[in-house]
Amino acid sequence: MARQDQGPGPRWDASVAREWESVKPGLAAEIWAEFRVDERHRRHMAWAAVAQRTVGQVFALLSVVAMLFFAKYSLDAGEPFVAAFAVGAPSVSLAVIFGLSRMPGRTLEGALSRPVRRVSAVTAGNPQQPPDPISPPPDGSA
């Protein structure tokens, strides 16, 4: 069974096409052609999104493999701390970035701005500013 194309919009039927044709002959064909172009573009953009995600995942995998090779090289050279840092720090960063990208409604920017909002809320409740470290104390004991 062939899939029927629904046409441009919710009211695509012969009566709408007749209305368009009464306004301008050939308008229904033009609108139909535009609809098909838009649908083709939407499909291409969907495939581009899949390709972009795939390239990102491949790049992340290659970077982890490169970190492991560097750690192996560092261990062979007798530098275990360099190897631990070379694998540990980037791995944590990648885990946070990919973990936050998988959580619905969470972004890296949102996660980083939350502590700023907390600090702003705490300082808003305290109108007194900290003393200037250069100025002498108010009692004149300095």
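Each chain carries its own residue numbering, running from 1 in the direction its sequence is written. For this predicted model, a pLDDT threshold of at least 70 governs which residues receive local features, and a threshold of 80 or more governs which side-chain atom pairs are given and counted, while totals over whole chains, interfaces and linings are taken from all residues. Side-chain metrics rest on all non-hydrogen atoms present in the structure, leaving aside hydrogens and water.

### Considerations on the overall build of the protein
So, point 1. Under the DSSP-based scheme used, a helix requires at least four consecutive residues in state H or I and a strand at least two consecutive residues in state E, with every element numbered from the N terminus. A count of helical and extended segments in the protein gives four helices and zero strands.
So, point 2. Helices and strands appear in the protein in the N-to-C order α-α-α-α.
So, point 3. Each residue is placed in one exposure class: buried if its accessible area under a 1.4 Å probe, protein chains only, is under 20% of its type's maximum, exposed if it is over 50%, and partly exposed if it falls in between. With 142 residues in all, the protein has 11% of them scored as buried.
So, point 4. Throughout, a residue-residue contact means that at least one pair of heavy atoms, one from each residue, lies within 4.5 Å. The contacts of the protein with a sequence gap of at least 6 include a subset with a gap of at least 24, amounting to 30%.
So, point 5. For the protein, the accessible area works out to roughly 11800 Å², and carbon and sulfur atoms hold 67% of it. Residue exposure ignores everything except the shown protein chains as possible cover, and the areas themselves are Shrake-Rupley values with a 1.4 Å probe.

### Some details on the confidence of the model for the protein
Detailed reading of the predicted model is not advised wherever pLDDT is low.
So, point 1. Confidence in the prediction of the protein, expressed as mean pLDDT, is 75, and 61% of residues score 70 or more.
So, point 2. Per-residue confidence from the prediction method is given by pLDDT, with values spanning 0 to 100. Within the protein, helix α2 (residues 27-76) carries the highest mean pLDDT (89), whereas helix α4 (residues 108-124) carries the lowest (63).

### Considerations on the packing of aromatic side chains
For any pair of aromatic rings, geometry is given as the distance between the ring centres together with the angle between the planes.
So, point 1. Pairing of aromatic rings covers Phe, Tyr and Trp, the last through its six-membered ring, and needs centres within 6.5 Å; plane angles under 30 degrees mean stacked, over 60 mean edge-to-face, and all others mean tilted. What the rule picks out here adds up to one aromatic pair.
So, point 2. Centre to centre, the rings of W32 and F35 are 5.6 Å apart; their planes meet at 40°, and the pair counts as tilted. Linking W32 with F35, this pair stays in helix α2, spanning three residues, or about one helical turn.
So, point 3. Residue classification places F35 among the buried positions, given a relative accessible area of 14%.

### Structural notes on the pattern of salt bridges
Pairing between side chains of opposite charge can happen when their charged atoms approach one another.
So, point 1. Whenever a carboxyl oxygen of Asp or Glu lies within 4 Å of a side-chain nitrogen of Lys or Arg, that contact is scored as a salt bridge. Considering all chains together, one arrives at three salt bridges under this definition.
So, point 2. Close ionic contact of R42 with E39 constitutes a salt bridge, the shortest N to O distance being 3.0 Å. In this pair, R42 and E39 are both assigned in helix α2, three residues apart and thus about one turn of the helix distant.
So, point 3. With a closest N to O distance of 2.8 Å, K72 and D76 form a salt bridge. Note that K72 and D76 are positioned in helix α2 at a spacing of four residues, about one turn of the helix.
So, point 4. Exposure remark for K72: the relative accessible area of 49% places this residue in the partly exposed category.

### A short note on a nonpolar patch on the surface
So, point 1. On the surface, a nonpolar cluster with roughly 320 Å² of combined accessible area is contributed by L61, V65 and F69.
So, point 2. Among the structural elements, F69 can be located in helix α2. Like-charged residues within 9 Å of one another, or nonpolar side chains (Val, Leu, Ile, Met, Phe, Trp, Tyr) within 5 Å, are grouped into patches, provided each residue has over 30% relative accessible area and no salt bridge.

### Details of α2
So, point 1. Here a helix's expected span is defined as the number of its residues, less one, multiplied by 1.5 Å. With 50 residues, α2 should reach 74 Å at 1.5 Å per residue; the first-to-last C-alpha distance of 73 Å fits that figure.
So, point 2. Residues of α2 that are buried: L27, A28, W32, F35, A60, M67, A71 and S74.
So, point 3. Just downstream of α2 lies G78, where phi reads positive at about 85°.

### Some points on the packing of helix α1 (residues 14-23) against α2
So, point 1. Where α1 contacts α2, the axes come no closer than 7 Å and their chain directions differ by 120°. Here α2 runs oblique to α1, going by the angle between their axes. Along its contact with α1, which presents A17, W20 and E21, the element α2 presents L27, A28, A29 and I31. Axes here mean lines fitted to C-alpha atoms, for a helix over just the part in contact, with angles spanning 0 to 180 degrees between N-to-C directions. An angle below 35 degrees is treated as roughly parallel, one above 145 as roughly antiparallel, one from 65 to 115 as roughly perpendicular, and anything else as oblique.

### Some details on the environment of A66
So, point 1. Its place among the elements puts A66 in helix α2.
So, point 2. Exposure remark for A66: the relative accessible area of 43% places this residue in the partly exposed category.

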